[in-house]
Amino acid sequence: MDDRRDPAEARLRELLGAWRREIDEVPVPSLVDAVRAVDVVIEARKAGKGENRGRVHPPPDGARTRPPGDAREDAV
């Protein structure tokens, strides 16, 4: 242990290092099959051909970012 470090900091580093080693040893199951995920993306792109992908449509409730009419008329 280095004499320049705070003992509490050194102990915390030791504990966090041990915790990380324990976490790294646990096998993590694959939640998504990478090959299947690519197939799903390709199928979705093929299904979307001809559609306006990427456009943002207004919300169905008619909400707007500006009030109806010209709000600048009321200014001044």
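The following paragraphs examine the structure supplied in this document. Please read all numbers here as calculations on a predicted model, not as lab measurements.

Reading the values: rules and limits
Residues numbered from 1 in each chain as written. Predicted model: local features only at pLDDT ≥ 70, side-chain atom pairs only at ≥ 80, totals over all residues. Heavy atoms only, no water. Helix = DSSP H or I, 4+ residues; strand = E, 2+ residues; numbered from the N terminus. Buried < 20%, exposed > 50% of the residue type's maximum accessible area, 1.4 Å probe, protein only. Areas by Shrake-Rupley, 256 points an atom, 1.4 Å probe, with all protein chains shown as cover. Salt bridge = Lys/Arg side-chain N within 4 Å of Asp/Glu carboxyl O. Patch = residues over 30% accessible without salt bridge, like charges linked within 9 Å, V, L, I, M, F, W, Y side chains within 5 Å.

### As for the overall build of the chain
So, point 1. Scanning the chain for helices and strands turns up 2 helices and 0 strands.
So, point 2. For the chain, with 76 residues in total, the buried portion stands at 3%.
So, point 3. For the chain, the exposed area adds up to about 7,900 Å²; of that, 55% sits on carbon and sulfur atoms.

### Side note on the pattern of salt bridges
So, point 1. Scanning the model with the defined rule gives 4 salt bridges in all.
So, point 2. Ionic pairing is found between Glu14 and Arg11, a salt bridge with its closest N-O pair at 2.7 Å. Linking Glu14 with Arg11, this pair stays in helix α1 (residues 7–25), spanning 3 residues, or about one helical turn.
So, point 3. Residue classification places Arg11 among the partly exposed positions, given a relative accessible area of 44%.
So, point 4. Arg20 serves as the salt-bridge partner of Asp24, at 3.7 Å between the closest nitrogen and oxygen. Of the two residues, Asp24 and Arg20 both sit in helix α1, 4 residues apart, roughly one turn of that helix.
So, point 5. Judged by its relative accessible area of 54%, Asp24 is exposed.
So, point 6. Relative accessible area serves as the criterion here: at 56%, Arg20 is assigned to the exposed category.

### Topic: a nonpolar patch on the surface
So, point 1. The grouping of Leu12, Leu16, Trp19 and Ile23 at the surface amounts to a nonpolar patch, some 430 Å² of accessible area in total.
So, point 2. Within the secondary structure layout, Ile23 lies in helix α1.

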